[in-house]
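# Coordinate analysis (summary)
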Amino acid sequence: MAEQKMLKFVTVGKDMPEKRSADTRRQDFHEIYGEYAREKAAEQAGRCSQCGVPYCQTHCPLHNNIPDWLRLTAEGRLQEAYELSQATNTFPEICGRICPQDRLCEGNCVIEQSGHGTVTIGAVEKYITDTAWEEGWVKPIAPKSERPESVGIIGAGPGGLAAADRLRRAGLQVTVYDRYDRAGGLMTYGIPGFKLEKDVVMRRNDQLEQGGVAFRLNCNVGEEIGFAEIREAHDFVVIATGVYKSRDLPGPGSGAAGLVRAIDFLTASNRKSFGDDVPEFDSGELNAEGKRVVVIGGGDTAMDCVRTAVRQGATSVKCLYRRDRANMPGSQREVANAEEEGVEFVWLTAPNGFAGDPVTGTMVQRMRLGQPDATGRQSPELIEGADYVEEADLVIKALGFEPEDLPALWDQPELEVTRWGTVKTSFQTHETNLPGVYAVGDIARGASLVVWAIRDGREAADAILERLATSASVAAE
């Protein structure tokens, strides 16, 4: 019975009549998710086998104490379950919604491995934290004492906010600088609202601000303020900018109207959900309504794009990926959700150009999988003479993100970066080659998951606090 209920949640798009609006579909999605969590949290938590080797915990980047807070949930001790979850995760209600649990905790559940269906850890995590907010168990940030040291954090995404939370609770003075008008980074403007409701993110932003974290928004470092100026103003600096430079796709017709970047498409949709004036959305440039949509890419961003296009009322949505389903980098759960919502996946296809201006189609080459590459994944190879045109009115390029050239943008040529352009840091402390400057999240590790950014931010904050404690101990001697 529990498995059937879970299938109802996953396949929410399948039974929806075509004429229902995108708003109604989003509402249904959340109603089913919420109903499932309320009814099944204790039952699902009680299914945890409390195994001797908690693979769910070891495969969580934050090493959350999942078995123990599942046990507490099953016993009805929800406040204790929340407190245990919050102890290792700055934003458990966000991770419960957007972590790819099928690749992390749930995918490594012993019950799942034995063929009886995983404990739905993410839904339980979401439930206990949402309950904590409703019941007032989430306490305001209130440092026991104030400290004079200050930290400047560049970037208000999950890594920067996790560091800000941890440092502010220790009494440090924290200022967060961000280029956008709202904090949250990709949690606010990249991830669709049907996966992560924006009031959930804004609630955490408000908690940080009310707890004494200062935000300087609409502040593009390198333009409105210099990096050197930030270093001068603070004792420590944490770089948490994320990676926003989209990979491009060269070829004939690559400059045609109707070809858009995934980040622009998703940002426009999210801004519209806030009630912002978005001319590019209203004009149809970044709106899939009534269009044949082709999304190029196979990661989680591509899944966000195809599912957003469905909700906007696209007449058809196809996802082109150059490998097969088994070699897809994105969450298999997301792929299943997209298929249930009507998305067609065209495997082993690679675009090599675009027809028309405005675009009328994507020129596609058929592929086959050859020998494994250095990562162990099979490399795609072209099949000669198997070209065709995939018709489209809107083509969304979801090819991944690369780091911006921070040393050049910030006039900091001495800031060391890797050959991929990510900021080079110490594995243990996240400190860069610049004394007192740290880097966390995607800008240091490359495009990755929110949960990894949270871990990095917490670890960098701990490294700063440990340095201060060591300095105080030395001074006392």
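See the structure shown above.
Residues numbered from 1 in each chain as written. Predicted model: local features only at pLDDT ≥ 70, side-chain atom pairs only at ≥ 80, totals over all residues. Heavy atoms only, no water.

## Description of the pattern of salt bridges
For the structure shown, the criterion picks out 38 salt bridges. Residue R182 is joined to D276 by a salt bridge in which the shortest nitrogen-to-oxygen separation is 2.9 Å. Of the two residues, R182 is situated in the loop between β2 (173-177) and α10 (186-189) and D276 in the loop between α13 (262-273) and α14 (279-282); the sequence distance between them amounts to 94 residues. Exposure class is identical for R182 and D276. Each is buried. Of the charged contacts in the structure, one is a salt bridge between E334 and R307, with a shortest N-O distance of 3.3 Å. Pair noted here: E334 is in helix α16 (residues 332-340) and R307 is in helix α15 (residues 300-312), with a separation of 27 residues, a long-range link. In this structure, E334 and R307 share a single accessibility class: buried. (Salt bridge = Lys/Arg side-chain N within 4 Å of Asp/Glu carboxyl O. Helix = DSSP H or I, 4+ residues; strand = E, 2+ residues; numbered from the N terminus. Buried < 20%, exposed > 50% of the residue type's maximum accessible area, 1.4 Å probe, protein only.)

## Observations regarding a nonpolar patch on the surface
Where nonpolar side chains cluster on the molecular surface, the patch consists of V53, Y55 and V110 and spans about 240 Å² of accessible area. Relative to the elements of secondary structure, V110 occurs in helix α7 (residues 110-113). Residue class for V110 comes out partly exposed when judged on its relative accessible area of 32%. (Patch = residues over 30% accessible without salt bridge, like charges linked within 9 Å, V, L, I, M, F, W, Y side chains within 5 Å. Areas by Shrake-Rupley, 256 points an atom, 1.4 Å probe, with all protein chains shown as cover.)

## What to know about the packing of aromatic side chains
In total, this model carries six aromatic pairs according to the counting rule given. Residues F236 and Y438 carry aromatic rings whose centres are separated by 6.5 Å and whose planes lie at 55 degrees to one another, so their mutual orientation is tilted. Of this pair, F236 sits in strand β4 (residues 236-239) while Y438 sits in strand β15 (residues 437-439), and the two are 202 residues apart along the sequence. Each member of the pair, F236 together with Y438, is buried. In this arrangement the basic side chain of R179 is found over the ring face of Y244, its NZ or CZ atom lying 5.2 Å from the centre. Across the ring face of F274, the terminal group of R182 is positioned such that the distance to the ring centre comes to 4.0 Å. (Phe/Tyr/Trp six-rings, centres within 6.5 Å; stacked < 30°, edge-to-face > 60°. Lys NZ or Arg CZ within 6 Å of the ring centre and 35° of its normal.)

## Observations concerning the side chain of D304
Relative to the helices and strands, D304 resides in helix α15. Excluding anything up to four places from it in sequence, D304 contacts G190, I191, P192, F194, K195, L266 and E334. (Contact = heavy atoms within 4.5 Å.)

## A word on the sheet that holds strand β1 (residues 150-154)
With respect to topology, five strands assemble into an open sheet ordered β3-β2-β1-β4-β15, the strand pairing being parallel. Both outer strands of the open sheet, β3 (214-216) and β15, are each paired with one neighbouring strand and no more. Shown here is a sheet whose adjacent strand axes are inclined to one another by a mean of 20 degrees, direction ignored. As paired strands, β1 and β4 are joined by four bridges and run parallel to one another. Bridged to V151 within β4 is F236. (Pairing = 2+ DSSP bridges. Axes fitted to C-alpha atoms, helices over the stretch in contact; angles between N-to-C directions.)

## Comments concerning the pairing of β2
Consecutive side chains of a regular strand alternate in pointing toward one face of the sheet and then the other. The element β2 is extensively covered by neighbouring structure, given that four of its five residues are classed as buried. Sheet topology note: the β1/β2 ladder contains five bridges and is parallel. Paired with S150 across the bridge in β2 is Q173. On the question of chirality, the crossover connecting β1 to the parallel β2 by way of helix α9 (residues 158-169) is right-handed. Pairing between β2 and β3: three bridges, direction parallel. (Right-handed = clockwise from strand over helix to strand, strands pointing away.)

All quantities given are derived from atomic positions and should not be read as evidence of function.
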